[in-house]
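# A look at the structure
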Amino acid sequence: MSKKLADTIALALIKHSDTRHPLPVLSYGLQILINTLIKIVMITIIGWVLHILLELYIMIFFFGSFRMITGGVHAHTFFKCLTISLVSFVLLILLSSYTLPFFIENKFIILLSLFLFGTMITWLYVPARWGNRRFSKKRITVSKWLSISYLALILLSVWCIPAHSTINKLQEISW
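Residues numbered from 1 in each chain as written. Predicted model: local features only at pLDDT ≥ 70, side-chain atom pairs only at ≥ 80, totals over all residues. Heavy atoms only, no water.

## A word on the overall build of the chain
Across its full length, the chain holds seven helices and zero strands. When the helices and strands of the chain are read in sequence order from the N terminus, they spell out α-α-α-α-α-α-α. Here the C-alpha atoms of the chain give a radius of gyration of 20 Å, more than 25% beyond the 16 Å that 2.2 N^0.38 yields for 175 residues. Evaluated residue by residue, the chain yields a buried proportion of 27% over its 175 residues. Of the contacts made within the chain by residues no fewer than 6 positions apart, 65% connect residues no fewer than 24 positions apart. Distance between charge centroids for the chain: 16 Å, based on 16 positive and 5 negative side chains. (Helix = DSSP H or I, 4+ residues; strand = E, 2+ residues; numbered from the N terminus. Rg over C-alpha atoms; globule rule 2.2 N^0.38 Å. Buried < 20%, exposed > 50% of the residue type's maximum accessible area, 1.4 Å probe, protein only. Contact = heavy atoms within 4.5 Å. Lys, Arg positive; Asp, Glu negative; His and termini not counted. Charge placed at Lys NZ, Arg CZ, Asp CG, Glu CD.)

## Quick notes on helix α2 (residues 23-50)
Taking 1.5 Å of rise per residue, the 28 residues of α2 would be expected to cover 40 Å, and the 40 Å separating its terminal C-alpha atoms lies within 8% of that figure. Turning to α2, its buried residues number three or more, namely L26, S27, L30, I34, N35, I43 and G47. Each element contacted by the buried residues of α2 is listed here: α1 (2-16), α3 (53-70) and α4 (78-105). (Expected span 1.5 Å × (residues − 1).)

## Here we look at the packing of aromatic side chains
Summed over all chains, the structure comprises five aromatic pairs. When the centroid spacing of 6.2 Å and the interplanar angle of 80° are considered together, the rings of F108 and W159 count as edge-to-face. Separated by 51 residues along the polypeptide, F108 in helix α5 (residues 107-125) and W159 in helix α6 (residues 137-163) bring together distant segments of the chain. By relative accessible area, which is 54% here, F108 ends up exposed. Judged by relative accessible area, W159 falls into the partly exposed class, the value being 34%. Between the aromatic rings of W123 and W145, the centroid separation amounts to 5.3 Å while the plane-to-plane angle is 70°, which identifies the pairing as edge-to-face. Here the residue W123 occupies a position in helix α5, and W145 occupies one in helix α6, the gap between them amounting to 22 residues. The exposure class assigned to W123 is partly exposed, which follows from its relative accessible area of 40%. (Phe/Tyr/Trp six-rings, centres within 6.5 Å; stacked < 30°, edge-to-face > 60°.)

What follows is the structure in structure tokens.
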């Protein structure tokens, strides 16, 4: 659906403007734009209906920025990406209030485990390899260290926020 719409808009742009960009390039860019708008609308509606909009936006911000640093892996279709993202984000947020007491009690071991696991996965798989992407050794090293540093910063924040806050909602969001 978004491909047809993107193709139609791209064709109209070529016919009615003096753009030098070829149809496939315009169409691809427009398709990414349309799909992003669809995701934003879906996330906003679901977050608003379930009263978890702020949590969704915060989670997506940190997940998205971490994914940009690591190079991220992609689902093969837009629908798979949307489904995987929405289901996992919404479930994690809805479960956070039930698992918060366990997190508060076991914060050190949980965060240490996440850091060690995240570091191992980062060192093995960052930057993500998919398609025909090739990276220089320098790019790979920089990506790995940036990813580990960002992960450490996030987990350190998650350590500090509950320790210095009595607001349950803030603790829940950090978890």
